[in-house]
Amino acid sequence: MIKIDPRRIWLWLTAHIDSLLLSFMLMLMLIGLIVLYSATGQDLGKTTGQMLNMLVALVAMWAVANVSPQHIARAALPVYGLGLLLLIGVALFGDVSHGARRWLNIGIRIQPSEMMKLAVPLMLAWYLDRREKTLNLKDFGVAVLLLVAPVGLIVKQPDLGTALLISASGFYALFLAGLSWRIILGLVGVGAASAPILWSLMHDYQRQRILTLIDPSQDPLGAGYHIIQSSIALGSGGIFGKGWFNGTQTHLDFLPERTTDFIFAVYGEEFGLAGNLILLAVYILVIGRGLVIAAKAPTLFSRLLAGSITLTFFTYAFVNMGMVSGILPVVGVPLPLISYGGTSMVTLLVGFGMLMSIQTHRKLVQS
Amino acid sequence: MNRPTELRNHQRELYYFRWRLGIAAAGAILLFTLLAGRFFFLQVVQHEYFHTLAENNRISIVPVVPNRGLILDRNGIVLAHNYSAYTLEITPSKIKDLEATINGLAALVDIQPRDRKRFKKLLEESRNFESLPIRARLNDVEVARFTANRFRFPGVDIKARLFRHYPKGELASHAIGHIGRINEADLDRLEASEDMANYRGSDHIGKLGIEQSYEKQLHGVTGFDQVETDAGGRAIRTLSRRAPVSGSDLTLTLDSRLQEVAEKAFGQYRGALVAIDPKSGEVLAFISRPGFDPNLFIDGIDPVNWDALNNSLDKPLNNRALRGQYPPGSTFKPFMALAGLELGKRTPSYTISDPGFYTLPGNAHHYRDWKKGGHGSVDLHKSIVISCDTYYYGLGVDLGIDNITNFIGQFGFGRKTGIDIEGETSGLIPSREWKMKRYKQKWYTGDTVSASIGQGYNLATPLQLAFATAVLANNGIVIRPHLVRSILDAVTNQVRTVPAAKPVATLAFKPENLELVRKAMIDVTQPGGTAARVGVGAPYLTAGKTGTAQVIAIKQTEKYVESRVSERNRDHALFIAYAPADDPKIAMAILVENGGHGGSTAGPIARTVLDYFLLGKEPPPPVPLVPPTEAPEEEHD
């Protein structure tokens with residue numbers, strides 16, 4: 001007979017969980033469920049569905065957290081390689097929907113760009129770690145290529161939001177690895193200089209989004225509609241908000257995509273400035289914990305991975321809230337841990353699983 | 001000894017990494033602070049502004065259109081009412097691709113090309129925020145089919161609306177008029193009159209007749225609902241309401257049965273009839289033939305019907321009673337006779353010998369009497385009974401044009417009667433000043449000669465003739481003719497009588513002079529008179545006078561022979577009458593276009609109307625009235 005010892009099971013379950021990070025994350029996820037319940041018009045089914053998404057993602061997180069960073073590192077090249085192949089597959093045989101070629105049908109429809117959100121920082125961290133001793137300009141050059149290849153493919157799809165996030169994650173890895181300031185400034189200069197070229201390469205709808213940001217009233221029923229309505233939602237929320245379920249913008253259908261990309265407008269309308277500041281604070285807690293994990297991480301690989309994941313998470317939050325409040329153009333970026341959707345939830349939590357793995361395997365490495 | 005270096009490297013690397021991490025963290029904090037600042041700006045600084053926008057988003061003011069007042073005849077018979085039906089309406093401002101939307105709707109609801117055309121026209125004329133009907137009067141199946149698919153058509157809705165309907169169709173259409181959709185011109189007028197707010201939500205406005213002139217009373221006061229709407233513009237719930245005030249019901253002076261009898265009496269003839277109660281000024285019948293169906297105009301007339309009405313040779317849209325101007329011809333003579341008596345230019349016994357023409361001193365021109373060879377010895381009484389022209393040529397010259405103008409003008413000739421519908425024309429009695437102004441010519445005595453028998457420059461509308469007859473019948477008491485008898489206020493439920501019933505003037509004529517004219521007019525409808533038919537076997541006495549208005553000029557040497565003149569160029573027949581002659585209850589004027597002589601075509605109509613009005617006698621089943629091919633000489637006037 002096997003003796004079941006609850007304490008041992010608990011230990012086994014929690015050994016590789018960072019309780020601080022988890023509790024901050026759970027706070028965000030709880031806020032997410034609360035807003036979602038209101039945003040769906042008190043649709044218990046959809047809210048329960050999101051809880052299931054979270055559960056699945058938490059299991060995935062737990063599994064990844066139990067894998068040691070060394071093992072994770074070993075997965076970097078195959079995962080990255082597979083992801084790149086799939087992206088090429090998308091470019092060649094992908095399904096088109098809503099005017100974008102993002103999906104690949106291999107029995108089930110998958111979105112390889114989602115996988116690249118983790119594969120790119122993983123790959124860069126692994127590569128830069130391998131070249132740690134001799135890290136020179138040529139290595140950075142290779143790293144940049146490793147970044148540009150998937151980003152280029154994703155921009156072509158087109159999926160500006162994901163491309164932006166992956167670029168950011170790659171950039172964070174390079175930046176934290178010590179890419180020289182001169183090169184960074186140089187890149188910024190090149191970026192600025194190439195803006196007109198980029199502009200000419202952009203799709204009409206992408207240009208429209210940027211123009212709309214400058215003056216939303218130009219096209220109030222078209223591209224400007226989202227920004228105008230979400231600004232009205234936030235602004236009319238005032239300091240303490242209209243209260244749970246009482247957002248008129250939300251409940252009278254004025255807010256588009258209110259369960260996904262624009263869920264923050266619902267939150268801001270119903271909970272006001274106070275709610276927004278609380279949300280920012282919780283995000284800072286999650287990000288802060290992530291940065292602490294990165295700072296304490298023993299190897300370059302784990303440091304770069306942890307740093308990149310955490311800062312990318314920040315970027316998610318900033319871009320989404322910036323877009324909803326009208327200071328950034330509308331790009332398809334969900335509010336992390338809050339927007340409705342299973343895929344991004346899993347990606348995010350697998351990332352956090354890696355953070356936890358790095359944090360909880362640290363002592364083992366040192367010892 | 002690699003290890004210390006490595007360690008140092010490691011330490012330096014870690015230090016360097018943490019430094020960069022710190023920079024990144026600072027950047028993150030900075031950007032979050034920026035966000036917090038943006039939130040503060042939106043949610044605190046601009047809160048009021050966005051709050052207003054959200055409320056405007058949420059709340060819209062929906063006008064509630066009042067029920068338009070009913071129009072009833074003097075006996076309470078409904079002439080205009082409202083009924084409820086469903087319309088399919090599109091709010092163009094909420095729709096990106098109108099064409100596609102209409103095509104989509106056409107799959108559910110029968111939409112004809114003419115519906116599309118009409119919609120396009122409405123779209124051009126409308127304010128863009130209002131909803132416009134694409135189809136009116138949906139049936140139940142169509143309503144159900146659209147309702148099931150409503151979610152596919154934001155900006156399209158079914159509305160229950162009240163429709164105006166004129167149950168009697170053509171009956172009295174020229175008096176009742178009709179409503180129609182508000183167009184640009186109406187909008188300008190509404191804006192100028194500051195009534196605009198009351199018309200938010202109204203699509204229709206009175207365009208003609210009573211519907212137009214009593215628009216203010218009929219329309220009522222628009223109410224308002226404050227409703228919460230969703231992004232599709234659909235009302236979710238009503239927050240508050242100010243109820244509309246229904247328009248007032250109008251009771252007309254018209255007797256719709258009399259109107260019907262009279263309209264039927266016209267048969268195929270074109271013309272007009274106005275009957276007035278001389279003691280009250282109430283218009284009992286107001287006819288212009290042919291009429292038109294006012295129901296066609298309510299939601300914009302379709303091109304086919306419009307062409308038919310507008311291009312018809314019969315001009316059914318022309319309000320002959322109100323706007324048609326005709327030479328009054330011999331119907332002028334009773335008034336001239338009264339002028340001669342009142343101004344001392346004639347005595348009852350003054351007699352002329354009529355050779356069949358009149359000449360002015362020093363001029364060979366023959367002013368012909370209608371009867372070749374003349375009427376022999378003619379006094380005032382006979383001059384009216386047999387309608388002697390020669391008598392009046394001389395009388396007119398003796399009176400002079402100034403006296404004629406002034407005296408005849410008292411009966412309302414040459415100016416509007418002031419009836420309570422718009423568009424009246426004023427007719428014309430010529431004067432020296434008028435001719436100088438109009439033709440830059442002095443007045444000739446010859447002009448006076450033709451003016452004396454109501455020809456020449458003289459013009460009068462059938463309404464004016466009826467009005468003048470009513471004044472004569474009422475012994476000179478002038479009461480403005482009016483079509484609305486009373487107004488039932490929808491709020492207080494009180495009936496207000498129209499103040500027009502009061503006399504506006506009393507013309508002081510000597511009773512014996514009036515009596516002389518009356519007697520002569522009675523004998524017009526007796527054997528030997530020009531309208532003997534009118535009085536045959538009637539148990540009441542009718543005072544009347546026939547008249548003929550020339551359509552084409554006849555040369556001095558020619559004789560007018562009716563059968564030789566094409567139908568449209570024949571003379572217009574006129575007849576004025578009041579009855580019973582000793583206590584007048586009805587005064588009227590009848591015009592029959594191209595009807596020949598007053599006695600033969602207008603007279604029977606008068607008899608039918610009088611028999612119905614005074615005796616309640618239903619007219620015999622209609623005998624098709626055809627224009628006579630040859631008229632007996634003695635009926636010419």
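Residues numbered from 1 in each chain as written. Chains lettered and ligands numbered in written order. Predicted model: local features only at pLDDT ≥ 70, side-chain atom pairs only at ≥ 80, totals over all residues.

Caption draft 1: View of the nonpolar core. Counting residues in each nonpolar core, the largest one holds 118 residues, and the members touching the most others are M123(A), L124(A), I263(A) and L304(A). Top element by residues in this core is helix 13 (residues 300-324) of chain A. It accounts for 16 residues. Excluding anything up to four places from it in sequence, L124(A) contacts A143(A), L146(A), L147(A), G170(A), A173(A), L174(A) and L304(A). Among the nonpolar cores identified, the runner-up in size contains 113 residues, and I210(B), I429(B), V449(B) and V534(B) belong to it. (Core = buried A, V, L, I, M, F, W, Y, C linked by C-beta atoms within 7 Å. Buried ≥ 20, exposed ≤ 12 C-beta atoms within 10 Å, placed from the backbone. Helix = DSSP H or I, 4+ residues; strand = E, 2+ residues; numbered from the N terminus. Contact = placed C-beta atoms within 7 Å.)

Caption draft 2: Geometry of the interface of chain B and chain A. Taken together, the contact pairs 33 residues of chain B with 36 residues of chain A. For the side of chain B that touches chain A, the secondary-structure elements that each account for two or more residues are helix 1 (3-45), helix 2 (47-58) and strand 8 (223-229) of chain B. Sort the elements by how many residues they give to the side of chain B that touches chain A and helix 1 of chain B lands first, with 18 residues. A breakdown of the residues in the side of chain B that touches chain A according to their chemical character gives 20 nonpolar, seven polar and six charged. (Nonpolar A, V, L, I, M, F, W, Y, C, P; charged D, E, K, R; others polar.)

Caption draft 3: Spotlight on the sheet that holds strand 21 (residues 543-549) of chain B. Residues and elements named next belong to chain B. The sheet built from five strands is open, its strands ordered 12-11-23-22-21 with antiparallel pairing. The outermost strands of the open sheet, each flanked by one partner alone, are strand 12 (282-289) and strand 21. Sheet twist, expressed as the mean angle between neighbouring strand axes with direction ignored, is 5 degrees. Strand direction decides the pairing type here: strand 22 (residues 572-579) and strand 23 (residues 586-592), joined by seven bridges, are antiparallel. The partner of I576 across the bridge, within strand 23, is A589. Across the sheet, helix 19 (residues 462-473) is in contact with strand 11 (271-277), strand 22 and strand 23; its angle to strand 23 comes to roughly 150 degrees. (Pairing = 2+ DSSP bridges. Axes fitted to C-alpha atoms, helices over the stretch in contact; angles between N-to-C directions.)

Caption draft 4: Region of the structure containing the packing of helix 13 (residues 333-342) of chain B against helix 20 (residues 511-524) of chain B. Residues and elements named next belong to chain B. Contact geometry for helix 13 and helix 20: axes closest at 9 Å, N-to-C directions at 150 degrees. In this view, helix 13 runs roughly antiparallel relative to helix 20, as classed from their interaxial angle. For the crossing formed where helix 13 meets helix 20, the hand is right-handed. From helix 13, P334, A337, L338, L341 and E342 reach across to helix 20, where they touch N513, L516, V517 and M521. In terms of residue class, the contact of helix 13 with helix 20 is built from seven nonpolar, one polar and one charged. (Parallel < 35°, antiparallel > 145°, perpendicular 65-115°, else oblique. Left-handed = near helix turned anticlockwise from the far one by under 90°.)

Caption draft 5: Structural detail: the sheet that holds strand 2 (residues 100-106) of chain A. Residue and element names in this part refer to chain A. The strand order across the open sheet built from three strands is 1-2-3, with neighbouring strands paired in antiparallel fashion. Edge positions in the sheet fall to strand 1 (95-97) and strand 3 (108-110), since each of these pairs with one other strand and no more. Between one strand axis and the next, the sheet turns by 40 degrees as a mean value, whatever way the strands run.

Caption draft 6: Structural detail: the packing of helix 3 (residues 44-65) of chain A against helix 14 (residues 342-360) of chain A. Residues and elements named next belong to chain A. One can describe the packing of helix 3 onto helix 14 by two numbers: an axis separation of 7 Å at closest approach and a directional angle of 30 degrees. It follows that helix 3 is roughly parallel to helix 14 by the angle criterion. Here helix 3 and helix 14 pass one another in a crossing that is right-handed. When helix 3 is examined against helix 14, the residues N53, M54, V56, A57, L58, A60, M61, W62, A63, V64 and A65 are found in contact with a partner set consisting of G342, M345, V346, L349, V350, F352, G353, M354, M356, S357 and T360.

Caption draft 7: How the structure looks around helix 2 (residues 19-39) of chain A. All names here are of chain A. The terminal C-alpha atoms of helix 2 lie 29 Å apart, and with 21 residues this matches the ideal 30 Å at 1.5 Å per residue to within 8%. Close packing links the buried residues of helix 2 with helix 3, helix 11 (248-251), helix 12 (263-296) and helix 14. Within two residues after helix 2, G41 carries a phi angle of roughly 75 degrees, on the positive side. (Expected span 1.5 Å × (residues − 1).)

Caption draft 8: The arrangement of the pairing of strand 10 (residues 249-252) of chain B in detail. All names here are of chain B. Both faces of strand 10 are covered, namely the face carrying D249 and T251 and the face carrying L250 and L252. Sheet topology note: the strand 2 (residues 71-72)/strand 10 ladder contains two bridges and is parallel. When the bridges of strand 10 are listed, I71 appears paired with L250. Pairing between strand 10 and strand 18 (residues 484-488): four bridges, direction antiparallel. Paired with L252 across the bridge in strand 18 is V484.

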